[in-house]
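# Tertiary structure, described
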Amino acid sequence: MSTEPAAPSSPVTSSRPAPFRASAPTIGVLAVQGDVREHLSALQACGAHAVTVRRPAELADVDGLVLPGGESTTMDKLLRAFDLQGPLRERIAEGLPVYGACAGMILLADRITDGQPDQQTLGGLDITVRRNAFGRQVDSFEEDIAFTGLDAPVHAVFIRAPWVEQVGQGVEALARVETGPATGRIVAVRQGALLATSFHPEVTGDRRVHDLFVGIVRSSTK
Ligand code: GLN
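Residues numbered from 1 in each chain as written. Predicted model: local features only at pLDDT ≥ 70, side-chain atom pairs only at ≥ 80, totals over all residues.

### Regarding the overall build of the protein chain
Across its full length, the protein chain carries 6 helices and 12 strands. Taking all 222 residues of the protein chain together, 42% fall into the buried category. Partitioning the contacts of the protein chain with sequence separation of at least 6, the portion at a separation of at least 24 is 64%. (Helix = DSSP H or I, 4+ residues; strand = E, 2+ residues; numbered from the N terminus. Buried ≥ 20, exposed ≤ 12 C-beta atoms within 10 Å, placed from the backbone. Contact = placed C-beta atoms within 7 Å.)

### A few points about the site of the ligand
Around the ligand sit Gly69, Gly70, Glu71, Ser72, Cys102, Ala103, Ile106, Arg131, Asn132, Ile159 and Arg160, and those are all the residues in its vicinity. A per-class count over the shell around the ligand returns 4 nonpolar, 4 polar and 3 charged. (Near = placed C-beta within 6 Å. Nonpolar A, V, L, I, M, F, W, Y, C, P; charged D, E, K, R; others polar.)

### As for the environment of Arg176
Counting through the fold element by element, Arg176 comes out in strand β10 (residues 172-176). Sequence separation between Arg176 and Ala188 is 12 residues, and the spatial gap between their C-alpha atoms is 7.0 Å.

### Points about the nonpolar core
In this structure, Ile27, Leu43, Leu65, Leu108, Val187, Val189 and Ala196 are the most contacted members of the largest nonpolar core, which totals 65 residues. Each residue touching Ala196, except ones within four places of it in the same chain, is listed here: Tyr99, Gly100, Gly104, Met105, Leu108, Leu125, Ala188 and Val189. (Core = buried A, V, L, I, M, F, W, Y, C linked by C-beta atoms within 7 Å.)

### Things to note about unusual backbone geometry
Here the phi dihedral of Cys102 falls at roughly 60 degrees; this positive angle occurs in a residue that is not glycine. Secondary-structure assignment places Cys102 in the loop between β4 (98-101) and α5 (103-108). Residue Asn132 is not a glycine yet carries a positive backbone phi of 45 degrees. Its location among the elements puts Asn132 in the loop between β6 (125-130) and β7 (140-145).

### As for the pairing of β6
Judged from the 4 bridges that link them, strand β5 (residues 109-113) and β6 form a sheet pairing that is parallel. Looking at β6, one finds that Arg111 is bridged to Thr128. The pairing of β6 with strand β9 (residues 163-167) spans 4 bridges and is antiparallel. Opposite Arg130, over in β9, you have Trp163 as the bridge partner. (Pairing = 2+ DSSP bridges.)

### Some remarks on the environment of Val164
Considering the arrangement of structural elements, one finds Val164 in strand β9. Residues in contact with Val164, not counting those within four places in the same chain, are Ile127, Val129, Ile186, Val187 and Val189.

### Some thoughts on helix α3 (residues 72-81)
For α3, the full list of buried residues reads Ser72, Met75, Asp76 and Leu79. With its buried residues spanning 105 degrees around the axis, α3 presents them on a single face. Structurally, α3 contributes buried residues whose contacts are with α4 (85-93) and α5. (Arc of directions from axis to C-beta.)

### Topic: the environment of Met105
Inspection of the secondary structure assignment puts Met105 in helix α5. Overall, the presence of 31 C-beta atoms within 10 Å leaves Met105 in the buried class. Once residues lying within four places of it in the same chain are set aside, the contact partners of Met105 are Gly100, Val129, Pro162, Ala196, Thr197 and Ser198.

### Overview of the confidence of the model for the protein chain
Note that predicted coordinates carrying low pLDDT should not be read in detail. With 89% of its residues at a pLDDT of at least 70, the protein chain reaches an overall mean of 91. In the predicted structure, residues 1-20 sits below a pLDDT of 50 and forms 11 contacts with residues beyond four places in sequence or in another chain. (pLDDT = per-residue confidence, 0-100.)

Below, the structure is given as structure tokens:
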């Protein structure tokens, strides 16, 4: 990554604080359950206009969407109860940029291992995730891991996290567990405008993963 300061792209936007840039994309955070507030503030800090999404009409207004951590089985049920599943699947199929964190990664996955028998996902991301993959003994832990495209390791916080068991063609593995029994397991992926992490960058104050996502949304709205 270049350390050169970026040349101002336009005299109008270059001197303003990021949140007020005319080009600020509107990014929704799915707000049916989970850690919504932390994602809203991380997105704001990255210069996006962050809004909650609970209804299909709110989904229509966003340029990108975050699916937060929480409980994927509960979110799945609520998405169906709130008539959001169909509209979300449609927008994802149309190319909406989406970032799924932890339970959000499960929602984005085309295939789940160890899900509930009736559990459905939105899909879009050609991966198989293993739910609660790290097991009871070490179900929550933290470690610094290298993340492709970021200049220094990310402090990854895993909370009853999934890992990525298998990736399809066109999916790039961005980060893997580096220590312990799960060494080598994939915990961050990207497929076009879809980004997912097993861990929770919104709880660390490090905005680089959100920044990466806001960049994906910006380039998709150009
Ligand atoms: N274990 C949860 C699930 O299956 C995910 C946990 C999280 O998002 N922190 O959805």
